[in-house]
Structure formats: structure tokens, C-alpha cells
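# Descriptive analysis of the structure
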Amino acid sequence: MARELQVTIDAADPEALGAFWIEVLGYRQMDPPGGFGTWDEALASMGVPEERWNDANAIVDPDGHGPRIFLQRVPEEKAGKNRLHLDVRAAPGLEGDERMAALEDEARRLIGLGAKRLERFEPAPPMGAGWIVMADPEGNEFCLD
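First, a word on scope: everything that follows refers to the structure included in this document.

### A short note on the nonpolar core
Judged by nonpolar contacts, the single largest core of 23 residues is most densely connected at W21, M134, F142 and L144. Among the elements of the structure, β1 (6-11), α1 (14-25), β4 (68-73), α3 (96-112), β7 (131-135) and β8 (141-144) are those that each provide at least two residues to this core.

This is the structure we're talking about:
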């Protein structure tokens, strides 16, 4: 039986990090529960103290194909390299110089959103098509592939 996949990201600021990933992936904020126009209204109605309103955030693919991404506040800072990371497919079907140029364009766009460029790996046939390692505004590594 197939299962749905949710990606969970630990964060110091789930709202801000969610806004970054919305721009990266073309996602949108998950709708509040039925009957509420905003998440603030829903959380207030549920009795959640205002200082806890940024404890979690969920973003979704507007077309319903990609996994939901859940961002949860954690007290500790990121330590060490991620053992699991996201690959953002920014140049599907492209090869060689054209592929790397598309990845460079996307890297520049994401740096403008607060990402950090970490390393570029050149194409190395027969296996490697080349990619760029990035970090989101909180230091979580991901690849432009």
C-alpha cells in the first residue's frame, strides 16, 4: 500500500522558513481549518497562546502533487551536516553547459531570497550531471539538481 509523504523541517522560525520554501518550490501556505479565514483566527479560537502561533507551519503544492512540508520550531540550532536533504530539480532534461547555466540562474535567485551557496559540482560523465549545494536561511543543506 502506497503512503503519503510529508517532509518535516526543524526550524527556529517556521513562518519565515516556510516563506522561503514557498518561493523556492512554488508552494503555498496550507489553508486554515474550515470556517476560519486565517490561521491567526483559527489559533486564537483554539486557545493557542499568541507566543506559540509560530511553533509550526505547513506549506503545500498548489497542484496537490508534491509532499506537504511541515516546519516545526525546535529550540536547538542546526548542528552538523544533514543526513537527508532535498534535491530541487531546477534543470530537468538539460545537460552540460546549458544545465549548469540554469542551475547558476536558480542559485542566484535563491541567494536573493536568503539562501547560501556552498559548493558546485561539475558534470562528470557517465554518472554525474553536475549540481550546486545550497543552504536555506537556517543552514539546512539542499541541492539544485
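Past the structure itself, the notes keep going.
### Observations regarding the side chain of N140
Checked against the element boundaries, N140 lands in the loop between β7 and β8. A relative accessible area of 15% means that N140 is categorised as buried. Residue contacts for N140: discarding those within four places in its chain leaves I9, D10, L17, K78, N82, M134 and A135.

### A few points about the sheet that holds strand β2 (residues 28-29)
Pairing within the open sheet is mixed, and its four strands lie in the order β1-β4-β3-β2. Bordering the open sheet on either side are β1 and β2, each of which pairs with just one other strand. Of the strand pairs in this sheet, β1 and β4 are connected by six bridges, and their pairing is parallel. Across the sheet, D10 pairs through a bridge with Q72, a residue of β4.

### Quick look at the packing of α1 against α3
The axes of two packed helices give the description: the angle between them and the distance between them. The contact between α1 and α3 brings their axes to 11 Å, and the two run at 155 degrees. As the angle between them shows, α1 and α3 are arranged roughly antiparallel. Where α1 crosses over α3, the handedness of that crossing is right-handed. Taking contact as the criterion, the partners of F20, E23 and V24 in α1 are, on α3, E106, R109 and L110. Grouping the constituent residues of the contact of α1 with α3 by class yields three nonpolar, no polar and three charged.

Thresholds applied
Residues numbered from 1 in each chain as written. Predicted model: local features only at pLDDT ≥ 70, side-chain atom pairs only at ≥ 80, totals over all residues. Heavy atoms only, no water. Core = buried A, V, L, I, M, F, W, Y, C linked by side-chain atoms within 4.5 Å. Buried < 20%, exposed > 50% of the residue type's maximum accessible area, 1.4 Å probe, protein only. Helix = DSSP H or I, 4+ residues; strand = E, 2+ residues; numbered from the N terminus. Contact = heavy atoms within 4.5 Å. Pairing = 2+ DSSP bridges. Axes fitted to C-alpha atoms, helices over the stretch in contact; angles between N-to-C directions. Parallel < 35°, antiparallel > 145°, perpendicular 65-115°, else oblique. Left-handed = near helix turned anticlockwise from the far one by under 90°. Nonpolar A, V, L, I, M, F, W, Y, C, P; charged D, E, K, R; others polar.

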